[in-house]
Amino acid sequence: MKILVLNAGSSSQKSCLYDLTGDPSQNSPQPIWEAAVDWTQHQGFAAVKIKTLQGEFKQEIQTTDRTQVLTHLLDSLHQGETQAIAALSAIDIVGHRVVHGGAHYTESVRITPAVKQTIADLAILAPNHNPAHLEGIEAIEKILPTVPQVAVFDTAFHATLSPVAFTYPIPQELTQQGIRRYGFHGISHQYCAHRATEILGACASSNDDRDLTSFATSPKLITCHLGNGCSLAAIQNGQSIDTTMGFTPLDGLMMGTRSGAIDPAILLHLQRQEHYTVEQLDTLLNKESGLKGVSGVSADMRQVTEAMAANPQAQLAFDLFIHRLRSGIGSMLASLQGVDALVFTGGIGENSAIVREQACVAFKFLRLELDQDKNHQRPVNQDIATPDSSVRVLVIHTEEDWAIALECWKIQAS
């Protein structure tokens, strides 16, 4: 079965093609074709990287039109030096990451006109994401009109939140209208929780001196998805019991261009005193804040850390990011009433040793100790805590695309 996965983020687009045979649920095979698009490297250009069994190919396309770039990617699947299949008709099913499913969807579903309309209606709550998902869905409909499509929702994993975790302290009638915490990055949090349990179980059965048997099967986990978008989840018995993102992906931690949680009275002040419109507030909070707004340098953590030595605002942006991250981890710690493992994933979580180090140092009182050598050796799917650390620290390469492909396989096989 050939499964095409489209994963549109706020500043990137990831796509891949899997060729599955037999029951794939026990392993995660490498895609036969992968494509990544980054709109942050060069304004007005899409930086495209395509990887196939024949090698890796890079190019820049002068456009900000997502549909145009997606069409180019689909063409590269069956044409030229990046060709992976003879024709697009070889694709059996297409899976899409969809950020916001609201309370409507607690599991993955086949895409129908009704599902599309719900995704469109929820775009007001995820303006940087749901419209991009719809563009991908509609592009596939035009090019491959008979191929089934599946929506895999980022909110679904957090459907297990209790009312005390998802309810805001606002009048009940507003909660009944659907204004509540939904949580996001659920595909990543769920995958990492599963993978963390596997890694901890393997550690517990090894011959080292650590006693991990008490939490190898159902550990208390805090998963830190840190990228352009950032969120935490408190996971117990494999289920999300708390998370930092809320009604929209704007809530919670400081992010690349998003402010995260701020005093809501700031918005009232800007409207009353500075005459900000709704559109201006949306742009301010979603696209001009976070690392980009504070540093004045970039939304990219790599560029911010490179600028810190000579730029006090870049240093402040980094310090603020760490402060908010530590506070969020503390909140998740309280919800779990303890923690067995802290998990880092996402572009920053997987690649920034200094972010992991600075996040963890605040929790030395829990007898959490990092192995600094392991932390700086680009660890992947690895425990980087010292042997005597009371809390394990895992770096896990999130495989959202594989998780989406597996959902497609299950739906197609059912």
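Our structure is the block above this text.
Figured I'd write up the structure that's included with this text. (Residues numbered from 1 in each chain as written. Predicted model: local features only at pLDDT ≥ 70, side-chain atom pairs only at ≥ 80, totals over all residues. Heavy atoms only, no water.)

### Focus on the overall build of the chain
Link 1 in the chain: Along its length, the chain carries 15 helices and 14 strands.
Link 2 in the chain: What you see for the chain is a C-alpha radius of gyration of 21 Å, in line with the 22 Å of a compact globule of 414 residues.
Link 3 in the chain: In terms of principal-axis extent, the alpha carbons of the chain reach across some 65 × 60 × 50 Å.
Link 4 in the chain: Of all 414 residues assigned to the chain, the portion counted as buried reaches 52%.
Link 5 in the chain: A separation threshold of at least 6 residues defines the contact pool for the chain, and within that pool the share at least 24 residues apart is 62%.
Link 6 in the chain: Carbon and sulfur atoms make up 50% of the accessible area of the chain, which totals about 18900 Å².
Link 7 in the chain: Measuring between centres, the 29 positive side-chain charges of the chain sit 2 Å from its 43 negative side-chain charges. (Helix = DSSP H or I, 4+ residues; strand = E, 2+ residues; numbered from the N terminus. Rg over C-alpha atoms; globule rule 2.2 N^0.38 Å. Buried < 20%, exposed > 50% of the residue type's maximum accessible area, 1.4 Å probe, protein only. Contact = heavy atoms within 4.5 Å. Areas by Shrake-Rupley, 256 points an atom, 1.4 Å probe, with all protein chains shown as cover. Lys, Arg positive; Asp, Glu negative; His and termini not counted. Charge placed at Lys NZ, Arg CZ, Asp CG, Glu CD.)

### Quick notes on the packing of aromatic side chains
Link 1 in the chain: Inspection of every chain in the model, using the stated rule, returns four aromatic pairs.
Link 2 in the chain: Judged by centre distance (5.4 Å) and plane angle (55°), the rings of Tyr-18 and Trp-402 are tilted. In this pair, Tyr-18 is assigned in strand E2 (residues 12-19) and Trp-402 in helix H15 (residues 400-413), connecting sequence segments 384 residues apart.
Link 3 in the chain: According to the relative accessible area criterion, Tyr-18 is buried, its value standing at 3%.
Link 4 in the chain: Judged by its relative accessible area of 5%, Trp-402 is buried.
Link 5 in the chain: Lying across the ring of Phe-166, Arg-180 places its NZ or CZ 3.8 Å from the centre. (Phe/Tyr/Trp six-rings, centres within 6.5 Å; stacked < 30°, edge-to-face > 60°. Lys NZ or Arg CZ within 6 Å of the ring centre and 35° of its normal.)

### Some points on the pairing of strand E1 (residues 2-8)
Link 1 in the chain: Of all the seven residues making up E1, six are buried; the element is thus mostly covered by neighbouring parts of the structure.
Link 2 in the chain: In terms of strand pairing, E1 meets strand E6 (residues 93-98) through four bridges, oriented parallel. Within E6, the residue paired with Leu-4 across the bridge is Val-94. (Pairing = 2+ DSSP bridges.)

### So, unusual backbone geometry
Link 1 in the chain: Positive phi values are uncommon outside glycine, yet Asn-237 reaches one of about 55°.
Link 2 in the chain: Locating Asn-237 in the fold gives a position in the loop between strand E10 (230-236) and strand E11 (239-243).
Link 3 in the chain: Residue Asn-237 is classed as exposed on the basis of its relative accessible area, which comes to 56%.
Link 4 in the chain: Positive phi, normally seen in glycine, also occurs at His-275, with a value near 60°.
Link 5 in the chain: Within the secondary structure layout, His-275 lies in the loop between helix H7 (265-273) and helix H8 (278-287).

### Side note on the pattern of salt bridges
Link 1 in the chain: Under the counting rule described, the total for this entry stands at 11 salt bridges.
Link 2 in the chain: A salt bridge links Glu-288 to Lys-292; its shortest N-O distance comes to 3.5 Å.
Link 3 in the chain: One connected set of salt bridges, linked through shared partners, spans Lys-116, Glu-138 and Glu-141. (Salt bridge = Lys/Arg side-chain N within 4 Å of Asp/Glu carboxyl O.)

### With respect to the nonpolar core
Across soluble globular proteins, you tend to see nonpolar side chains buried next to one another.
Link 1 in the chain: Ranked by internal contacts, the top residues of the largest apolar core, which has 44 residues, are Ile-222, Leu-226, Phe-321, Leu-325, Ile-329 and Val-355.
Link 2 in the chain: Elements that contribute at least two residues to this core include exactly strand E9 (221-226), E10, helix H10 (301-307), helix H11 (312-336), strand E12 (341-345), helix H13 (353-361) and strand E14 (392-395).
Link 3 in the chain: For this core, the element with the most residues is H11, which contributes 10 residues.
Link 4 in the chain: Look past the residues within four positions of Ile-222 in its chain and what remains in contact with it is Ala-233, Ile-329, Met-332, Leu-333, Leu-336, Val-339, Ala-341, Leu-342 and Val-343.
Link 5 in the chain: Counting 32 residues, the second-largest nonpolar core is a separate cluster that includes Phe-157, Cys-203, Ile-235 and Val-343. (Core = buried A, V, L, I, M, F, W, Y, C linked by side-chain atoms within 4.5 Å.)

### Some points on the packing of H11 against H13
Link 1 in the chain: It is at 9 Å that the axes of H11 and H13 come closest, and there the two elements cross at 50°. Taken as axis vectors, H11 and H13 run oblique relative to one another. Of the two possible hands of crossing, H11 and H13 adopt the one that is right-handed. For the pair H11 and H13, contact is made by Phe-318, Phe-321, Ile-322, Leu-325, Arg-326 and Ile-329 and by Ile-354, Val-355, Gln-358, Ala-359 and Val-361, respectively.
Link 2 in the chain: Grouping the amino acids of the contact of H11 with H13 by side-chain chemistry returns nine nonpolar, one polar and one charged. (Axes fitted to C-alpha atoms, helices over the stretch in contact; angles between N-to-C directions. Parallel < 35°, antiparallel > 145°, perpendicular 65-115°, else oblique. Left-handed = near helix turned anticlockwise from the far one by under 90°. Nonpolar A, V, L, I, M, F, W, Y, C, P; charged D, E, K, R; others polar.)

### Digging into H8
Link 1 in the chain: What H8 keeps buried is the set Leu-281, Leu-285 and Asn-286. Along the long axis of H8, the arc covered by the buried residues comes to 105°, so they all point the same way.
Link 2 in the chain: On its buried side, H8 packs onto H7. (Arc of directions from axis to C-beta.)

### Remarks on the sheet that holds strand E4 (residues 46-52)
To summarise the sheet geometry, strands pair through backbone hydrogen bonds and adopt either a parallel or an antiparallel arrangement.
Link 1 in the chain: Pairing within the open sheet is mixed, and its eight strands lie in the order E5-E4-E3-E2-E1-E6-E8-E7. On the outer flanks of this sheet lie strand E5 (55-61) and strand E7 (109-110), each paired with one strand and no other.
Link 2 in the chain: Two elements, E4 and E5, share seven bridges in a ladder whose sense is antiparallel. Bridge pairing links Thr-52 to Gly-55 in E5.

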